[in-house]
Amino acid sequence: MNTNKQGLNHGIGALQWLVFLLANAVALPIVIGQVFHLSDPEITGLMQRTFFIVGISSFLQGWLGHKFPIVDGPAGTWLVVFIIMGETVARTGGDVSETLRLLETGMLAAGLLLILFGATGLVRRMLPLFTPLVSGVYLLLLALQVSGTFLQGMAGVSGNPAKADWTSALLALLVFSTVLILSFRGKGWVKSYAVLIGILTGCLAFYIAGIWKHPAPAETLLQLPEALAWGTPLWDSGMAASSILIVMILLSNTFASIAAMKQVQAGSPQLEPAELSRSSVVGGFSHLLSALFSTVGMVPLSGSAGFVKLTGQRSRVPFLLACLIMAAAAFFPGVIRLLTMLPGPVAYAAVLASFVQMVGIGLQSLVQTQLDQRRLTIIGIGLLFGVGSMFFPPSVFQELPSVVRYTLGNGLLFGTMIVMGLEQGWKEHRISSVTKQKME
């Protein structure tokens, strides 16, 4: 009896994790397709490849890497680089295929560096760089950077000039409110499956409102994800050099994600060098697969900690099962089209509810140490510069070297690097020394 109940719980938990995996992967192909003006079949192929890599990468990390139920998804850092380069191509009339091949090269270089850092133990020496202050600011910047995208997605903003679909916005707000209310007020299994209940409620509401999207029939029953769909990688020294900075922020993302999950599961964000090395190696292999299958590089998503805290699903079994289902589903075009029936505003609303918890985790990370004047100043500078750079149009950085352009154009990368630099360069003993001299 207990075994059957446990199996049922694992099954429902896997379904909920599958929805979370889907919600973090379904929007990216559409965004990339719009930026690079890809055709509908190309977007469908990108979605298939993205689902496949998300499932495989998440499973490998949960099984062999950090071994936590943390979803791997398209890295926000890479997504911003894709958008900047795509918009540059659109303005200058450049070659879309060539740009996508350059991005494959960047992901290959980043993958090799991640494997090198993990296999040689260099990643352990980098651990002191990622203090609770750095992790906390990173989580806050990440939440702030994606909040605009998620809110626009909930409101169904589209077109030029942009217009919102207020019916979709209200229904998405219903999903968001349902998830939060059930997560705080629900009891037992209702609380555990708040996200799934919220999504099902949203789908039903969209169906009743008559705005449910019907997928086109699949042409084939079985189809393998296409390798090198964008062509063979094209070497570029600027892109290769930029990958070094990208790897730094990817590692920051990974460390912050693991620390956030350990904070939720064990009440302590203490990181272990061995799990970081394993995660770096698996992350590098995942990047090589992302380049091979022409999609965006993957990284452990910090929002997973918020999802676990929201649902109470701490077991790895449902998570690993959902990862395998996600990867297997990519081989069936009919399933891909069925999964894409999930209304975008519903997916955005469910994920945004998890990011509410992630903001709290970021704040908890910041207050682990005494917030003296030095730390408060560093936090303020990082947030102001990081958030401020998010409002710059990409054209502002167009004439700068590629490495500088990719850094300044990414508020998450820029703000985190500033905090990391100040944390290491502005030491407490120097402040104490200056203060002592003034007192004398």
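For the structure, see preceding data.
Throughout what follows, the structure given in this document is the object of discussion. Keep in mind that this is a model prediction, so the values were computed, not measured. (Residues numbered from 1 in each chain as written. Predicted model: local features only at pLDDT ≥ 70, side-chain atom pairs only at ≥ 80, totals over all residues. Heavy atoms only, no water.)

Quick word on the pattern of salt bridges
Part 1: Applying the stated criterion to the full structure yields 3 salt bridges.
Part 2: The salt bridge partner of Arg-375 is Asp-372, with a shortest N-O separation of 3.2 Å.
Part 3: The residue Glu-423 makes a salt bridge to Arg-374 at a minimum N-O spacing of 2.8 Å. In this pair, Glu-423 is assigned in helix H19 (residues 411–425) and Arg-374 in helix H17 (residues 373–389), connecting sequence segments 49 residues apart.
Part 4: Given a relative accessible area of 7%, Arg-374 falls into the buried group. (Salt bridge = Lys/Arg side-chain N within 4 Å of Asp/Glu carboxyl O. Helix = DSSP H or I, 4+ residues; strand = E, 2+ residues; numbered from the N terminus. Buried < 20%, exposed > 50% of the residue type's maximum accessible area, 1.4 Å probe, protein only.)

Considering the packing of helix H7 (residues 132–154) against helix H16 (residues 344–366)
Part 1: For the pair H7 and H16, the least separation of the axes is 9 Å and the interaxial angle reads 160°. Compared by their axis directions, H7 and H16 come out roughly antiparallel. For the pair H7 and H16, the crossing hand works out as left-handed.
Part 2: Considered class by class, the residues forming the contact of H7 with H16 number 22 nonpolar, 7 polar and no charged. (Axes fitted to C-alpha atoms, helices over the stretch in contact; angles between N-to-C directions. Parallel < 35°, antiparallel > 145°, perpendicular 65-115°, else oblique. Left-handed = near helix turned anticlockwise from the far one by under 90°. Nonpolar A, V, L, I, M, F, W, Y, C, P; charged D, E, K, R; others polar.)

Looking at the environment of Ile-378
Part 1: Counting through the fold element by element, Ile-378 comes out in helix H17.
Part 2: The class of Ile-378 is buried, set by a relative accessible area of 0%.
Part 3: Here Ile-378 is in contact with Leu-133, Val-419, Leu-422, Glu-423 and Trp-426, once residues within four sequence places are set aside. (Contact = heavy atoms within 4.5 Å.)

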